[in-house]
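# Secondary and tertiary structure notes
Here's the letter readout for the chains.
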Amino acid sequence: GGDTPAWTQFQNDLSFGSLRWETMPLSSSVVFLDLELTLDPDSRCLTTRTYQKSMNLFLYIPPTSAHLPGVLKSIVYGNLQRFWKQNTHRRDFVRVAGQFAQHLIARGHHPDIVRELFLEVGTRLSRHPTPCDNVDPRKTLFFHWEYHPNGISRRDIRRAYTETCAEDSGFDFDRFVVAFSRAPNLRDALMPTR
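Criteria and thresholds
- Residues numbered from 1 in each chain as written.
- Predicted model: local features only at pLDDT ≥ 70, side-chain atom pairs only at ≥ 80, totals over all residues.
- Heavy atoms only, no water.
- Helix = DSSP H or I, 4+ residues; strand = E, 2+ residues; numbered from the N terminus.
- Polar contact = N/O pair within 3.5 Å; in protein donor to acceptor, adjacent residues only side chain to side chain.
- Pairing = 2+ DSSP bridges.
- Axes fitted to C-alpha atoms, helices over the stretch in contact; angles between N-to-C directions.
- Contact = heavy atoms within 4.5 Å.
- Buried < 20%, exposed > 50% of the residue type's maximum accessible area, 1.4 Å probe, protein only.
- Salt bridge = Lys/Arg side-chain N within 4 Å of Asp/Glu carboxyl O.
- Expected span 1.5 Å × (residues − 1).

## A short note on the side chain of Asn87
- Considering the arrangement of structural elements, one finds Asn87 in the loop between helix 2 (69–86) and helix 3 (90–106).
- A polar contact is formed between the side chain of Asn87 and the backbone oxygen of Phe83, at a distance of 2.6 Å.

Here it is as structure tokens:
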């Protein structure tokens, strides 16, 4: 807590140009777009949770809309997946997901339909841990592979990992992440970015 000489100097350096800058006191928590980031001073661990403005009207498409039926499912899946990734702690995910369900119901969607969609999406998401949900980041194994349309699929890589790296095999990983990158293309060769 408290201002430091470096912070005071930084505030003084902001007074340039015609823009007027406003600063707030130093804090271990900050809101950036739709995220609230908090640094725990004891553990030095960064946690995140979904931030929503109090003035947000949550104007999701109503059930009387002429959209295809799959659009509501996409909205539910996309938002729940975003909330799942944004919230370090499961309790924050549960809170924001519950509010999301209430917003959909308030727009006129039948509670049974919302519940059914949430259960379907929740079953998929529950297979993946939240970012810090009892998972030590040092116990995450990343498998990086260059993508090719005829190459091995993410599912096959995951299956091979599961079959060969079982719990009793001596590997001590809590999480396995498959990360694909694109292959080099002509633009990379002819016009490299500086």
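## Describing the sheet that holds strand 3 (residues 46–50)
- The three strands lie next to each other as 1-2-3, forming an open sheet whose pairing is antiparallel. At either margin of the open sheet sits one strand with a lone partner, and together these are strand 1 (29–32) and strand 3. Between one strand axis and the next, the sheet turns through 20 degrees on average, direction left out of account.
- Here strand 1 runs beside strand 2 (residues 35–39); their pairing, made up of four bridges, is antiparallel. Following the sheet pairing, Phe32 is matched in strand 2 by Leu35.

## Looking at the environment of Leu46
- With respect to the element layout, Leu46 can be found in strand 3.
- For the pair Leu46 and Ser28, spaced 18 residues apart in the sequence, the C-alpha separation amounts to 9.5 Å.
- Not counting residues up to four positions away in its chain, the partners in contact with Leu46 are Leu37, Thr38 and Leu39.

## As for the pairing of strand 3
- Sheet topology places strand 2 next to strand 3; five bridges connect them, and they run antiparallel. Paired with Glu36 across the bridge in strand 3 is Arg49.
- Linkage of strand 2 to strand 3, two consecutive antiparallel strands, is achieved through a turn of six residues, within which Arg44 is found at a positive phi near 60 degrees.

## A short note on unusual backbone geometry
- Backbone geometry places Leu33, a non-glycine residue, at a positive phi of 55 degrees.
- Positive phi outside glycine occurs at Phe58, with the angle close to 50 degrees.
- With respect to the element layout, Phe58 can be found in the loop between strand 3 and helix 2.
- Overall, Phe58 belongs to the buried group, its relative accessible area being 13%.

## A few points about the pattern of salt bridges
- Considering all chains together, one arrives at seven salt bridges under this definition.
- The salt bridge partner of Arg49 is Asp92, with a shortest N-O separation of 3.6 Å. Within this pair, whereas Arg49 is found in strand 3, its partner Asp92 is found in helix 3, the two being separated by 43 residues in sequence.
- Between Glu120 and Lys73 there is a salt bridge, with the nearest N and O atoms lying 2.6 Å from each other. One end of the pair, Glu120, is in helix 4 (residues 111–125); the other, Lys73, is in helix 2, and 47 residues separate them in sequence.
- Lys73 gets classed as partly exposed once you look at its relative accessible area, which sits at 33%.
- It is possible to trace a salt-bridge network through shared partners that takes in Glu36, Arg49 and Asp92.

## Looking at helix 3
- Along its 17 residues, helix 3 runs 24 Å from first to last C-alpha, staying within 8% of the 24 Å computed at 1.5 Å per residue.
- Of the positions making up helix 3, those classed as buried are Asp92, Phe93, Val96, Ala97, Phe100, Ala101 and Leu104.
- Lining the buried residues of helix 3 we find strand 3, helix 2 and helix 4.
- Remark: Gly108 follows helix 3 within two positions and exhibits a positive phi of approximately 115 degrees.

By themselves these figures say nothing about function.
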